[in-house]
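Secondary and tertiary structure notes
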Amino acid sequence: QSLEPVLDMSKLRDLNEPAILHNLRLIHANREVYVGIGSILLSVNPFQQLPIYTPDIMENYSRGEWKLRSHPHVYGVAQACYQGLIQNEANQACLVSGESGAGKTE
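What counts and what doesn't
Residues numbered from 1 in each chain as written. Predicted model: local features only at pLDDT ≥ 70, side-chain atom pairs only at ≥ 80, totals over all residues. Heavy atoms only, no water. pLDDT = per-residue confidence, 0-100. Helix = DSSP H or I, 4+ residues; strand = E, 2+ residues; numbered from the N terminus. Buried < 20%, exposed > 50% of the residue type's maximum accessible area, 1.4 Å probe, protein only. Contact = heavy atoms within 4.5 Å. Pairing = 2+ DSSP bridges. Axes fitted to C-alpha atoms, helices over the stretch in contact; angles between N-to-C directions. Left-handed = near helix turned anticlockwise from the far one by under 90°. Nonpolar A, V, L, I, M, F, W, Y, C, P; charged D, E, K, R; others polar. Core = buried A, V, L, I, M, F, W, Y, C linked by side-chain atoms within 4.5 Å.

Residues of the protein chain with pLDDT of at least 70 account for 91%, and the chain-wide mean is 83. No element of the protein chain has a lower mean pLDDT than helix H2 (residues 55-62), which averages 82, and none a higher one than helix H1 (residues 17-29), which averages 92.

Below, the structure written as structure tokens:
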């Protein structure tokens, strides 16, 4: 198992429940919130405010400077959906799921 968090879990050597849970612990300990599994974005509630929704970060994603696979973020998902809407002229959908009080409306 890795000692460093893997932000794209599709790159984990073993993609099984223990490896995923271990990686999520590392993500949380590293004060990261988002992790990707292919095109799926998974978030870990940090139970504290983090400076990850600043106008500068939003602007970087809107310009396409950060890619979803290199540093997963909800802004990256929004940007990918928007690009799919514009480039492919096709409807897009995002599913947000989680327990009550988990921060889905952030």
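Here the narrative resumes.
Right, let's talk about the environment of Val-44 for a bit. For Val-44, the location among the structural elements is in the loop between strand E2 (40-43) and H2. Given a relative accessible area of 15%, Val-44 falls into the buried group. For the pair formed by Val-44 and Leu-95, sequence separation is 51 residues and the distance between their alpha carbons is 16 Å. Beyond its immediate chain neighbours, meaning those up to four positions away, Val-44 contacts Leu-24, Ile-27, His-28 and Val-33.

Below, the discussion takes up the pairing of strand E1 (residues 34-37). Inspection of the sheet shows E1 paired to E2 by four bridges, in the antiparallel sense. Its bridge partner being in E2, Tyr-34 is matched across the sheet by Ser-43. Hairpin connection between E1 and E2: a loop of two residues separates the two successive antiparallel strands, and Gly-38 in this loop has a positive phi of roughly 65 degrees.

Any two packed helices are characterised by how steeply their axes cross, that is the angle between the axes, and by the distance between the axes. Between H2 and helix H3 (residues 74-88), the shortest axis-to-axis distance is 9 Å and the interhelical angle comes to 35 degrees. When the axes of H2 and H3 are compared, the crossing they make is right-handed. Contact residues: Ile-57, Met-58, Tyr-61 and Ser-62 in H2; Tyr-75, Gly-76 and Gln-79 in H3. Classifying every residue of the contact of H2 with H3 by side-chain character gives four nonpolar, three polar and no charged.

Turning next to the nonpolar core. Counting eight residues, the largest nonpolar core consists of Leu-7, Met-9, Leu-12, Ala-19, Leu-24, Ile-27, Val-35 and Val-44. Per-element accounting of this core gives the leading share, three residues, to H1. Those residues within four positions of Leu-12 in sequence are excluded, and the remaining contacts are Val-6, Ala-19 and Asn-23.

For Arg-31, which is not a glycine, the phi torsion comes out positive at approximately 60 degrees. Relative to the elements of secondary structure, Arg-31 occurs in the loop between H1 and E1. The exposure class of Arg-31 is partly exposed, given its relative accessible area of 47%. Non-glycine residue Glu-89 carries a positive phi angle of around 50 degrees.

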